[in-house]
Amino acid sequence: PELRCREIPKGLQYLQVDTLNPADTNTLVTNYYQAGPGNIREHVILELVSTIMDEPVFDTLRTQEQLGYSVYNNLRNTFGVLGLSITVNTQATKYTADHVDQRIEAFIKTFVKEHLTEEKVADAIKSVSKQKLRADVTMEEEVSRNWNEILSVEYLFNRYEKDVAVLNDISLEDIKEYFCPLMVDGEKCRKFSVQVLGAKEKNEEAVDTDQDFKLNTLKLREESIEDMDKFRDSLIIHPVLYIIE
């Protein structure tokens with residue numbers, strides 16, 4: 001079947017739910033920033049941004065601020081709709097999801113000022129190009145790469161060569177022009193923050209895993225989504241998309 005992605009509205013959307021396990025203090029926050037239908041050039045731009053962001057997002061939110069033991073960013077390609085996400089796994093006994101969300105936003109602003117530089121972009125282009133030009137070492141790598149093209153119904157078996165050709169034509173300004181409206185400009189960005197809130201106090205009582213669980217959505221802020229089904233049904237559905245040019 002052909003799969004399609006829904007469009008996140010402009011502005012801020014929050015889905016906040018209680019943990020299903022009252023003995024679990026883990027809070028998980030994923031901030032997803034949707035760009036929209038993409039092409040090879042835009043995918044490469046986000047790949048460069050994600051590569052540059054890997055080290056500072058961990059160093060800032062994990063090492064320096066110690067928000068949680070698991071911190072990472074992801075390039076998102078959801079059936080041809082591009083985006084980026086930042087995830088932090090923290091403890092409800094230490095930090096609130098709202099605090100983590102604020103620190104993610106603060107990091108993004110710092111990232112643009114301190115890490116989106118000519119030098120780091122040049123280094124990222126070299127690194128990504130080298131990775132894409134590397135020959136498949138094993139038969140498994142070659143099969144996996146080509147099989148993914150078949151599964152995606154895009155059949156672009158020379159995708160890496162096309163990526164490298166685009167890489168050499170991308171500048172710092174190109175990256176900022178695409179990235180800033182995506183994650184920095186509040187009026188233009190499409191942000192969807194999913195927050196699973198852990199227990200504020202440790203509870204050692206065993207949980208019956210055979211029981212029927214029901215998500216408890218929370219209304220903690222004006223932008224909170226109370227009815228996920230209703231919200232989903234209200235979204236515009238993108239057409240079938242393929243990133244092949």
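Participant: Explanation requested: the packing of aromatic side chains in the structure shown.
Facilitator: Aromatic rings in a pair are described by how distant their centres are and how their planes are angled relative to each other. In total, this model carries four aromatic pairs according to the counting rule given. The side chain of R221 reaches across the aromatic face of Y14, ending 3.9 Å from its centre.

Participant: Would you mind showing me how to read the pairing of strand β4 (residues 81-91) here?
Facilitator: Note on strand geometry: in a regular strand, side chains alternate between the two faces of the sheet. Counting buried residues in β4 gives eleven out of eleven residues, a clear majority hidden from the surface. By the alternation rule, side chains of β4 split into V81, G83, S85, T87, N89 and Q91 and L82, L84, I86, V88 and T90, which are all buried. Relative to β4, strand β2 (residues 26-37) is paired through eleven bridges, and the arrangement is antiparallel. Paired with L28 across the strands is N89, a residue of β4. Note: strand β3 (residues 70-78) against β4, nine bridges, orientation antiparallel. The partner of S70 across the bridge, within β4, is N89. Here β3 hands over to β4 after two residues, with F79 in that stretch at a positive phi of 55 degrees.

Participant: Sorry, what's going on with the layout of surface pockets here?
Facilitator: Empty pockets left among the atoms are what a rolling probe the size of a water molecule brings to light. The volume enclosed by the largest pocket comes to roughly 1000 Å³. Counting only elements with at least two residues in the lining of the largest pocket, the list comes to α1 (40-64), β3, α3 (118-133), α4 (139-151) and α5 (159-167). Ranked by the residues each element gives to the lining of the largest pocket, the list is headed by α4, at seven residues. Its residues assigned to classes, the lining of the largest pocket shows 16 nonpolar, eight polar and twelve charged. In this structure, the second largest pocket encloses a volume near 240 Å³. Lining of the second largest pocket is provided by 15 residues; of these, T96, A97, L197, K200 and L220 occupy positions nearest its centre. Contributions of two or more residues to the lining of the second largest pocket are made by β1 (11-18), α2 (97-114) and β5 (190-197). Looking at side-chain class alone, the lining of the second largest pocket contains six nonpolar, five polar and four charged residues.

Calculation criteria
Residues numbered from 1 in each chain as written. Predicted model: local features only at pLDDT ≥ 70, side-chain atom pairs only at ≥ 80, totals over all residues. Heavy atoms only, no water. Phe/Tyr/Trp six-rings, centres within 6.5 Å; stacked < 30°, edge-to-face > 60°. Lys NZ or Arg CZ within 6 Å of the ring centre and 35° of its normal. Buried < 20%, exposed > 50% of the residue type's maximum accessible area, 1.4 Å probe, protein only. Helix = DSSP H or I, 4+ residues; strand = E, 2+ residues; numbered from the N terminus. Pairing = 2+ DSSP bridges. 1 Å grid on protein atoms, 1.4 Å probe; cavity = no way out; pocket = protein on both sides within 12 Å on 5 of 7 lines; lining within 4 Å. Points joined across faces, edges and corners; volume = space filled by probe spheres on them. Nonpolar A, V, L, I, M, F, W, Y, C, P; charged D, E, K, R; others polar.

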